[in-house]
Amino acid sequence: MSTLRVAAALEAAATGRAAPVTTVRHVHLADRPLVLIPLSLAGEACAPLAAMVGTDRDAPVLLTVPNPKDRTDRFHFAARLAGHVLPYCETFATDTESYEYGRGKARELRERSTDAPQLIVPNRAGVGFLRLLGRSTRFRRTEGPYAVDPAVPRLGQWLSWFTDQNEFPTSSLCVGLTQMLTAHWATGQSPTEDAHLPALMGWIDPPPDTDGPTAARQAEDPSRFPPAGPTTDPVFDGMLTELYTAIGQASSERRRAAAIRQLEEQLRTQLLPTWRLMWRGLDLLEERSAGRSVASRWQTDRDRFTGFAAYVADGGLPQGRWEHASGAARRLARLEDAADRYASERAFDDPLVMAEYELTGEAVVGVVTVANPSRTVVSSSGRRLLRPSLTLTVPHSGRLRVGDEVRSPARTGQKAEVLAIRRTEEGPYEIDFELSGGMGRSQRPPPPPGTVPELGDEVCYTSLSVFTLPAALPDDASTPWTHGGPPQPHAPTDDDANEAWE
């Protein structure tokens, strides 16, 4: 936890209301997200109990499982869930746009969807449950013994893909609401308590005439604020046991139908408070303007969706049970690159986030006290190049060293090299920078107006960069024998479904 986040948590505890830790929104919010609240049966691994799903806050759809321990009922539930998830995803695959990919001779024209689906679940545990549900359904056979509806394995593919995207911090395709909210607000309670959606919302948006701690304590009452799932309250579990017993021992079809209706009513009562909280949470995030990098990250999400939708439409095989060594290495590299890029982009978009890097010395903020915008230098080839210089007076030099390359959030396309660092007699530091790039095509002074900081401007420079390229890895054919050699194409087998639930 960063120093600023600790300070924000202390402020929240003192004021009784969550404190913002960002000035903008760092996640994309779709115009038509698919909100999905799954519930699981207590004591059973990956046994769906119910789900509330929909894109309309005023028209939630409740899906229930009359007997979660019955295999047929479970996959009937999965087929009905697929009836909501699959059409939702397919609606985004029809409208596409053309764009140029690559540069020079490698440039090519590609197609991608103009928009993409977004799956919103209450918390990280909900994402984990959908991951298990995806694994339990994507390998199912649609013919032969124990055949399931053809939509079931297709649903498994999509759920596996959505939950995989959740691991990338740059992706907004599948997110847990508590993840999004805690990324933008700090509360006076522990991170574990923040995973409880009603308590978290109590701190961020307490009811009138109360405060965050009071609202969070009230949220501990499961009769008023049921858990956001997928696990349920033990008292509620006891009541479900009685209802399931009544369903199983019903003496007639009419009595069984009546017991099922009572079960559905209880599940609806359990899920509706979370449904309302989720839409309220999305409204709070919507009130914030999106950061500059959010659109480009969503563009990457649209590329990923386009590729996977085409793969599924072409009859692509379900994702493998395990990744081979080459695939795992590539995935790890992508995750590391995404984490670094997301951290840098958040800082470049948000001065409050950048302030965290000022405290760690990776960024400095100061006033321009000397500026020479028309400075030129002679290159090794004898060409005269425009290289403006400026001196920044800062309270501390941070971790910058002479020769470091830094960038300013105000001019991300312009590089600056640290030429000198010195301490003045009065106490603050002076840092000399040489600027290059970001001044148009002209190499003659003066630079275009606005491209170089002026005297008196407050400027931030940081060693963070959003232009770092990921490390290059060998192609699959060059995988060394120490890592199993070139991987074999994945071929699903019946054993894929016989995995331990973890």
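Treat the numbers as computed from the prediction; the structure is a model and nothing was measured.

Colleague: Provide a residue-level description of the overall build of the chain, including the pertinent values.
Modeller: On a plain count of helices and strands, the chain comes out with 13 helices and 17 strands. Along the three orthogonal principal directions, the C-alpha set of the chain runs to about 95 × 60 × 45 Å. Here the chain holds 502 residues, and the buried ones make up 45% of them. In the chain, once contacts between residues fewer than 6 apart in sequence are set aside, the share between residues at least 24 apart is 68%.

Colleague: Tell me about the sheet that holds strand 4 (residues 61-64), and please be specific about residues and values.
Modeller: If you trace the five strands from one edge of the open sheet to the other, you get 4-3-2-7-8, paired in mixed fashion. Strand pairing shows two members of the sheet lacking a second neighbour, strand 4 and strand 8 (174-176), which therefore form its edges. Adjacent strand axes in the sheet meet at a mean angle of 20 degrees, parallel and antiparallel pairs treated alike. The pairing of strand 7 (residues 119-121) with strand 8 spans three bridges and is parallel. Bridge pairing links Leu119 to Cys174 in strand 8. Across the face of the sheet, helix 2 (residues 71-90) comes into contact with strand 2 (34-40), strand 3 (48-54) and strand 4 while running at roughly 155 degrees to strand 4.

Colleague: Any details on unusual backbone geometry? Residues and values, ideally.
Modeller: Residues other than glycine seldom take positive phi values, yet Tyr146 does so here, at roughly 55 degrees. Its identity is not glycine, yet Asp209 carries a phi of approximately 65 degrees, on the positive side. Along the polypeptide, Asp209 turns up in the loop between helix 7 (197-204) and helix 8 (212-218). Using a relative accessible area of 84% as the deciding quantity, one classes Asp209 as exposed.

Colleague: A description of the nonpolar core should follow, citing residues and the corresponding values.
Modeller: Considering soluble globular proteins, one finds that nonpolar side chains tend to be buried as a cluster. Ranked by size, the top nonpolar core spans 49 residues in total, and within it Val35, Leu177, Met180, Leu181, Leu197, Leu267 and Leu282 carry the most contacts. Looking at this core element by element, the count peaks at twelve residues for helix 10 (residues 253-286). In contact with Leu197, not counting residues within four places along its chain, are Pro122, Leu177, Thr178, Leu181, Ala228, Thr274, Leu277 and Met278. Ranked by size, the runner-up nonpolar core spans 41 residues in total, among them Phe77, Leu81, Val121 and Phe308.

Colleague: Before we move on, could you go through the packing of helix 3 (residues 124-137) against helix 4 (residues 151-165) and cite the residues and values that matter?
Modeller: Contact geometry of helix 3 with helix 4 gives a least axis separation of 7 Å together with a crossing angle of 145 degrees. Relative to helix 4, the crossing made by helix 3 is left-handed. In contact with Val127, Leu130, Arg131, Leu133, Gly134, Arg135 and Thr137 of helix 3, helix 4 contributes Val152, Pro153, Gly156, Leu159, Ser160 and Thr163. Its residues assigned to classes, the contact of helix 3 with helix 4 shows six nonpolar, five polar and two charged.

Colleague: Lay out helix 9 (residues 234-248) in plain terms, naming residues and giving numbers.
Modeller: For helix 9, with 15 residues, the first-to-last C-alpha span of 21 Å sits near the 21 Å given by 1.5 Å per residue. What helix 9 keeps buried is the set Phe236, Asp237, Leu240, Leu243, Tyr244 and Ile247. The arc enclosing the buried residues of helix 9, seen along the axis, measures out at 120 degrees, which places them on a common side. Exposed and oriented more than 90 degrees from the buried face of helix 9 are Pro234, Val235 and Glu242. Close packing links the buried residues of helix 9 with strand 3 and helix 10.

Colleague: Any details on the pairing of strand 15 (residues 411-423)? Residues and values, ideally.
Modeller: Note: strand 14 (residues 405-408) against strand 15, four bridges, orientation antiparallel. Paired with Ser408 across the bridge in strand 15 is Arg411. From the end of strand 14 to the start of strand 15, which pair antiparallel, there are two residues.

Colleague: Please give an account of the pattern of salt bridges that cites residues and values.
Modeller: If you walk through the whole model with that rule in mind, you get 15 salt bridges. Two residues, Arg107 and Glu100, come together in a salt bridge whose shortest N-O distance is 3.7 Å. When its relative accessible area of 53% is taken as the criterion, Glu100 is described as exposed. Two residues, Glu345 and Arg341, come together in a salt bridge whose shortest N-O distance is 3.5 Å. With Glu345 and Arg341 both in helix 12 (residues 325-349) and four residues apart, the pair spans about one turn of that helix. Among the charged side chains, a salt-bridge network with shared partners connects Glu97, Arg112, Arg302 and Asp303.

Colleague: Mind laying out helix 2, listing which residues take part and the relevant values?
Modeller: Look at helix 2: 28 Å from first C-alpha to last across 20 residues, which is about the 28 Å you get at 1.5 Å a residue. Every buried residue of helix 2 is listed here: Asp73, Phe75, Phe77, Ala78, Ala79, Leu81, Ala82, Val85, Leu86, Tyr88 and Cys89. Contact partners of the buried residues in helix 2: strand 2, strand 3, strand 4, helix 3, helix 4 and helix 11 (294-313).

Colleague: I'd like a rundown of the domain arrangement of the chain, residues and numbers included.
Modeller: Here the chain is partitioned into domain 1 (3-321) and domain 2 (351-462). Each of domain 1 and domain 2 has a C-alpha centre, and these two points are 45 Å apart. If you look at the interface, domain 1 gives eight residues, while domain 2 gives seven residues. Of the roughly 580 Å² buried between domain 1 and domain 2, counting both surfaces, carbon and sulfur atoms make up 69%. Together, Leu4, Thr23 and Arg292 form the three largest contributors to the area buried by domain 1 at its contact with domain 2, with a combined 64%. Taken together, the links from domain 1 to domain 2 amount to zero salt bridges. Its residues assigned to classes, the side of domain 1 that touches domain 2 comprises three nonpolar, four polar and one charged.

Colleague: Describe the packing of helix 2 against helix 4, listing the residues and the values that go with them.
Modeller: Between helix 2 and helix 4, the shortest axis-to-axis distance is 8 Å and the interhelical angle comes to 60 degrees. Handedness of the crossing formed by helix 2 with helix 4: left-handed. Two secondary-structure elements touch here, helix 2 through Phe75, Ala78, Ala79, Leu81, Ala82, Val85, Leu86 and Cys89 and helix 4 through Ala151, Val152, Arg154, Leu155, Trp158 and Phe162.

Colleague: I'd like a rundown of the state of the cysteines, residues and numbers included.
Modeller: Counted according to the given criterion, the structure contains zero disulfides. Left unpaired, Cys174 is separated from the closest cysteine sulfur, that of Cys89, by 11 Å.

The rules we used
- Residues numbered from 1 in each chain as written.
- Predicted model: local features only at pLDDT ≥ 70, side-chain atom pairs only at ≥ 80, totals over all residues.
- Heavy atoms only, no water.
- Helix = DSSP H or I, 4+ residues; strand = E, 2+ residues; numbered from the N terminus.
- Buried < 20%, exposed > 50% of the residue type's maximum accessible area, 1.4 Å probe, protein only.
- Contact = heavy atoms within 4.5 Å.
- Pairing = 2+ DSSP bridges.
- Axes fitted to C-alpha atoms, helices over the stretch in contact; angles between N-to-C directions.
- Core = buried A, V, L, I, M, F, W, Y, C linked by side-chain atoms within 4.5 Å.
- Left-handed = near helix turned anticlockwise from the far one by under 90°.
- Nonpolar A, V, L, I, M, F, W, Y, C, P; charged D, E, K, R; others polar.
- Expected span 1.5 Å × (residues − 1).
- Arc of directions from axis to C-beta.
- Salt bridge = Lys/Arg side-chain N within 4 Å of Asp/Glu carboxyl O.
- Domains from an automatic or database assignment.
- Buried area = accessible area lost by both parts, 1.4 Å probe.
- Disulfide = S-S within 2.5 Å.

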